[in-house]
Amino acid sequence: QVQLVESGGGLVQAGGSLRLSCTASGSVFTINAMGWYRQAPGKQRELVATVTGDSNTNYGDSVKGRFTISRDNAKNTVYLQMSSLKPEDTAVYYCHSLLITGDYHGMEYWGKGTLVTVSS
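On a predicted model such as this, the values are computed, not experimentally measured, just so you know.

Chemist: How should I be thinking about the state of the cysteines in this particular structure?
Modeler: What we call a disulfide is simply a covalent bond connecting the sulfur atoms of a pair of cysteines. Counted according to the given criterion, the structure contains one disulfide. Residue Cys22 pairs covalently with Cys95 via a disulfide, S to S 2.0 Å. Every disulfide takes its handedness from the sign of the S-S torsion; for Cys22 and Cys95 that torsion is -85°, giving left-handed. Taken together, the residues span a long stretch of sequence, with Cys22 in strand E3 (residues 18-25) and Cys95 in strand E9 (residues 91-101) at a distance of 73 residues.

Chemist: How do you make sense of the sheet that holds strand E7 (residues 67-72) when you look at a structure like this?
Modeler: Sheet strands pair by backbone hydrogen bonding; their relative direction is either parallel or antiparallel. Reading across the sheet, the four strands line up as E1-E3-E8-E7 and stay open at both edges, with antiparallel pairing between neighbours. Where the open sheet ends on each side, the last strands, each with one partner, are strand E1 (3-7) and E7. When strand polarity is set aside, the average angle formed by the axes of neighbouring strands in this sheet is 15°. Relative to strand E8 (residues 77-82), E7 runs antiparallel, the two being bridged by six bridges. Looking at E8, one finds that Arg71 is bridged to Val78.

Chemist: I'm lost on the side chain of Arg66 in this one. Help?
Modeler: Here Arg66 shows up in the loop between strand E6 (57-59) and E7. Given the relative accessible area of 13%, Arg66 is considered buried. One polar contact links the side chain of Arg66 to the main-chain carbonyl oxygen of Ser62, over a distance of 2.8 Å. Apart from residues lying up to four places away in sequence, Arg66 is in contact with Gln81, Met82, Ser83, Ser84, Leu85, Lys86 and Asp89.

Chemist: It is not clear to me how the packing of aromatic side chains should be interpreted in this structure. Could you clarify?
Modeler: Each aromatic ring pair is specified by the distance between its two centres and by the angle formed by the two planes. Scanning the entire structure with this criterion turns up two aromatic pairs. For the ring pair Phe29 and Tyr104, a centre distance of 5.0 Å and an interplane angle of 75° mean the geometry is edge-to-face. In this pair, Phe29 is assigned in strand E4 (residues 28-39) and Tyr104 in the loop between E9 and strand E10 (106-110), connecting sequence segments 75 residues apart. Side by side, Phe29 and Tyr104 carry an identical accessibility label, which is exposed. Seen in terms of ring centroids, Tyr37 and Trp110 are 5.2 Å apart; in terms of plane orientation they differ by 65°. Their pairing is edge-to-face.

Chemist: Could you clarify how one ought to interpret the nonpolar core in this entry?
Modeler: Across soluble globular proteins, nonpolar side chains show a tendency to be buried alongside one another. Trp36, Leu80, Met82 and Tyr93 are the most contacted members of the largest nonpolar core, which totals 30 residues. Listing elements by their share of this core, those giving two or more residues are E3, E4, strand E5 (46-52), E7, E8, E9 and strand E11 (114-119). Not counting the four nearest positions on each side in its chain, Met82 is found in contact with Gly16, Ser17, Leu18, Leu20, Arg66, Phe67, Tyr93 and Val116.

What counts and how
- For every chain, the first residue of the written sequence is number 1, and numbering continues from 1 onward in sequence order.
- Only residues with pLDDT of at least 70 are given local features in this predicted model, and only at 80 or more are side-chain atom pairs given and counted; all residues enter the totals for whole chains, interfaces and linings.
- Water and hydrogen atoms were dropped before computing side-chain values, which therefore reflect all heavy atoms in the structure.
- Our working definition of a disulfide is a cysteine sulfur pair at a distance within 2.5 Å.
- Secondary structure counts use DSSP, requiring at least four H or I residues in a row for a helix and at least two E residues in a row for a strand, with both numbered from the N terminus.
- By definition, two strands form a pair when at least two bridges between them are found by DSSP.
- Convention adopted: a line fitted to C-alpha atoms gives each axis, helices being fitted over their contacting stretch, and angles between N-to-C directions are expressed from 0 to 180 degrees.
- Each residue's exposure class comes from its accessible area (1.4 Å probe, protein chains only) as a fraction of the maximum for that residue type: buried when under 20%, exposed when over 50%, partly exposed otherwise.
- Two N or O atoms count as a polar contact when they lie within 3.5 Å, although within protein this holds only if one can serve as hydrogen donor and the other as acceptor, and sequence-adjacent residues are included solely when both atoms are side-chain atoms.
- The contact definition used throughout considers only heavy atoms, calling two residues in contact when any of these lie within 4.5 Å.
- Aromatic pairs are defined between Phe, Tyr and Trp rings, using the six-membered ring for Trp, whenever the two ring centres lie within 6.5 Å; interplanar angles under 30 degrees are classed as stacked, those over 60 as edge-to-face, and all others as tilted.
- For the purposes of this section, nonpolar cores are sets of buried Ala, Val, Leu, Ile, Met, Phe, Trp, Tyr and Cys residues that join through side-chain atoms within 4.5 Å.

In structure tokens, the structure reads:
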């Protein structure tokens, strides 16, 4: 069984930085894509950033130029470096992955979420 384990959330002042990490643990054959989505109170879940196995990235418009996604394929880990944080970045951040399990099934996984709070 595969789990996505997130870390790195917390409280930060506006203008500050945080780095989120997410590791896919368990029986993983290969990861096609990993990324981050977020959901603020009363709002729909939205794309933050994704990265594919061949390092193609995609960012939500609201974070372009401020957030950077990267991955370590050897560790099945994705990172989200968040800079110039704004109060409107406050949300629960969810890790997401499309991967092939050890028994060769294509699966989609979500992490439990990590809270990021940006104070003004």
